[in-house]
Amino acid sequence: MGQVHILDHPLLQHKVTMLRDKNTSVKEFREIVSEIANLMCYEATRDMPVEEVEIETPIAVAKAKRIAGKKMAVVPILRAGLGMVDGILELIPGAKVGHIGLYRDPETLEPVQYYCKLPNDIAERDVLVLDPMLATGGTASAAITFLKDYDCRHIKLMSIIAAPEGVERVRGDHPNIDIFIAALDERLDERGYIVPGLGDAGDRIFGTK
Ligand code: URA
């Protein structure tokens, strides 16, 4: 059974508050999203397997730990997920990056995939799906379903702010997935925005509004 991890380290709380502030500039917003992803990545990778190796320090031979060759992929959901990629790659430079683009069909309201480019060996990688705002959860859930269709077995979801509705949706559809968030907000409004949230994350990252 997957878990919901609310990462409430003071640094994360402080940075999320800066994101929420409508007076935060696009430049600052983009930088902070990346910093938050970096800090969250530290926690989301806590269960990475390590192996013992023997190395020589300048002083002595020592048994030491290193990451046991696990391969990772990060998969941002377009477009706001892109803002989280660099922060993750700073810690895990060897991770491959896949991209999934989904839009909501205005009639069926179902997510429709319009773009997908994944590493060839995605099924062998631990996958971290990135979507800064887990609102209805429809998009994140569809992206996870899609990755499962590619035989991905180890998937985690990382969102900065979530609505209870989004968490419930993903947990209902994918009970085995660990979800990492920095804040669980009150609710969704009638337009599907998270309240209090931070507005449209994509617009605030890319300055399109
Ligand atoms: N997507 C956003 O960018 N913001 C929300 O509040 C909900 C979905």
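Please refer to the structure higher up on the page.
What counts, and where the lines are drawn
Each residue is numbered by its place in its chain's sequence as written, counting from 1. Per-residue local features of the predicted model are confined to residues with pLDDT of at least 70, and side-chain atom pairs are confined, for both listing and counting, to 80 or more; whole-chain, interface and lining totals are unaffected and use all residues. Side-chain metrics rest on all non-hydrogen atoms present in the structure, leaving aside hydrogens and water. We define a salt bridge as a contact between a side-chain nitrogen of Lys or Arg and a carboxyl oxygen of Asp or Glu at a distance within 4 Å. Relative accessibility under 20% of the residue-type maximum defines a buried residue, over 50% an exposed one, and the middle range a partly exposed one, all with a 1.4 Å probe and only protein chains included. A pair of Phe, Tyr and Trp rings is counted when the ring centres sit within 6.5 Å of each other, with Trp represented by its six-membered ring. The angle between the planes then sorts it: under 30 degrees is stacked, over 60 is edge-to-face, the rest tilted. Under the scheme used here, helices are H or I runs from DSSP no shorter than 4 residues and strands are E runs no shorter than 2 residues, and both carry numbers assigned from the N terminus. Nearness is judged by heavy atoms alone; a residue qualifies as near a molecule or strand once a single heavy atom is within 4 Å of it. In the analysis that follows, any N or O atom pair within 3.5 Å is treated as a polar contact, provided that within protein one partner can donate a hydrogen and the other can accept it, and provided that, for residues neighboring in sequence, both atoms belong to side chains. All accessible areas in this document rest on Shrake-Rupley with a 1.4 Å probe, and a residue is counted as covered only by the protein chains that are shown. As a working rule, the residues Ala, Val, Leu, Ile, Met, Phe, Trp, Tyr, Cys and Pro are called nonpolar, Asp, Glu, Lys and Arg charged, and the rest polar, with Gly in that last group.

Below, the discussion takes up the pattern of salt bridges. Once the charged atoms of two side chains with opposite charge are near each other, the side chains can pair. Counted under the stated rule, the structure contains 14 salt bridges. The shortest N-O distance in the salt bridge between Asp121 and Arg125 comes to 2.9 Å. Among the residues examined, Arg125 registers a relative accessible area of 5% and is labelled buried. With its nearest N and O atoms 3.4 Å apart, the salt bridge here joins Asp151 to Arg153. Using a relative accessible area of 46% as the deciding quantity, one classes Asp151 as partly exposed. One network of salt bridges, with partners in common, ties together Lys71, Asp121, Glu124 and Arg125.

For the coordinates displayed, the defined rule picks out two aromatic pairs. Ring centres of Tyr103 and Tyr114 lie 6.3 Å apart, and the angle between their planes is 40°; this geometry places the pair in the tilted category. Taken together, the residues span a long stretch of sequence, with Tyr103 in strand β6 (residues 99–104) and Tyr114 in strand β7 (residues 111–117) at a distance of 11 residues. Both rings, one in Phe146 and one in Tyr150, keep their centres 5.2 Å apart while their planes meet at 55°; by these two values the pair is tilted. The class for Tyr150 is partly exposed, based on a relative accessible area of 41%.

On to the site of the ligand, then. The environment of the ligand is formed by Met133, Ala135, Gly192, Tyr193, Ile194, Gly199, Asp200 and Ala201. A distance of 2.8 Å separates a nitrogen atom of the ligand from a polar backbone atom of Gly199. Residue Ala201 places a main-chain N or O atom 2.7 Å away from an oxygen atom belonging to the ligand. Burial of the ligand by the protein amounts to 82% of the accessible area it has alone, namely 240 Å². Of the residues that constitute the shell around the ligand, the class distribution is five nonpolar, two polar and one charged.

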